Amino acid sequence: MMFNQSLVRVRAGTRPDRAGNTVRDWATATRVTVQQVNIQPSIQQETTDASRTAKVTGWHVQSAEGTAPDIRADDRIEWDGMTCQVDGEVARWPELFTDSVHHIEFEMKRVTG
């Protein structure tokens, strides 16, 4: 696989709400460029109901061998002029016979409509 692509991980900041609970704050999000990834299409789906036509597009993301980018299920991903959501948990594949990470994989999706 070629790992010549990059994406931007967007992680929300936090702030207290009126009740004093800590909530995510996308206005104070941080952005980190993640390189050495491979991004491939994984899903295209269209759903129609009386009020709208929703389109879901998804991609499978894999990092290069020996890399373990800090990406979590609650992050957003900016890539190819789009903002996507991480879909599910990030899989951290172990290196054989050690406790280190060989690479990570996750799905990301964009819903429009």
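Residues numbered from 1 in each chain as written. Predicted model: local features only at pLDDT ≥ 70, side-chain atom pairs only at ≥ 80, totals over all residues. Heavy atoms only, no water.

> So what exactly am I meant to see when it comes to the nonpolar core here?
Soluble, globular proteins show a tendency: their nonpolar side chains are buried together. Within the largest apolar cluster, 16 residues are counted, with the highest numbers of intra-cluster contacts made by Leu7, Ile39, Ile71, Ile77, Trp79, Phe106 and Met108. Of all the elements in the fold, those that place two or more residues in this core are β2 (22–48), β3 (53–63), β4 (76–79), β5 (82–94) and β6 (101–112). Among the elements that make up this core, the one with the highest residue count is β5 (four residues). Discounting residues that sit within four places of it in the chain, Ile77 has contacts with Leu7, Val8, Arg9, Ile71, Met82, Thr83, Cys84, Val86, Phe106 and Met108. (Core = buried A, V, L, I, M, F, W, Y, C linked by side-chain atoms within 4.5 Å. Buried < 20%, exposed > 50% of the residue type's maximum accessible area, 1.4 Å probe, protein only. Helix = DSSP H or I, 4+ residues; strand = E, 2+ residues; numbered from the N terminus. Contact = heavy atoms within 4.5 Å.)

> For this particular structure, what's the right way to read the pairing of β2?
Pairing of strand β1 (residues 5–16) with β2 involves 10 bridges; the strand directions are antiparallel. By the bridge assignment, Thr14 is partnered in β2 with Arg24. Between β1 and β2, which follow one another and run antiparallel, lie five residues, and Gly20 among them has a positive phi close to 90°. As judged from the 11 bridges shared by β2 and β3, these two strands associate in the antiparallel manner. Each residue of the ladder has a partner; that of Gln40, found in β3, is His60. Here β2 folds back onto β3, and the loop between the two strands holds four residues. (Pairing = 2+ DSSP bridges.)

> Looking at this structure, I do not really get the side chain of Asp75. What am I missing?
If you trace the backbone, Asp75 turns up in the loop between β3 and β4. For Asp75, a relative accessible area of 2% puts it in the buried group. Polar side-chain contacts of Asp75 include one of 2.9 Å to the side chain of Arg11. At 2.7 Å, the side chain of Asp75 and the backbone nitrogen of Arg72 are in polar contact. Discounting chain neighbours no more than four positions away, the residues touching Asp75 are Arg9, Val10, Arg11, Trp26, Asp70, Gln85 and Val86. (Polar contact = N/O pair within 3.5 Å; in protein donor to acceptor, adjacent residues only side chain to side chain.)

> In this structure, what is going on with the pattern of salt bridges? I would like to understand it.
Any two side chains of opposite charge can pair, given that their charged atoms come close. Scanning the entire structure with this criterion turns up five salt bridges. Asp70 is the salt-bridge partner of Arg11, the closest N and O atoms lying 3.0 Å from each other. With Arg11 in strand β1 and Asp70 in the loop between β3 and β4, this residue pair connects regions lying 59 residues apart in the sequence. The class for Asp70 is partly exposed, based on a relative accessible area of 43%. With a closest N to O distance of 2.9 Å, Arg31 and Glu78 form a salt bridge. In this pair, Arg31 is assigned in strand β2 and Glu78 in strand β4, connecting sequence segments 47 residues apart. Residue classification places Arg31 among the exposed positions, given a relative accessible area of 52%. (Salt bridge = Lys/Arg side-chain N within 4 Å of Asp/Glu carboxyl O.)

Remember that the coordinates give geometry; whether it matters functionally is a separate question.
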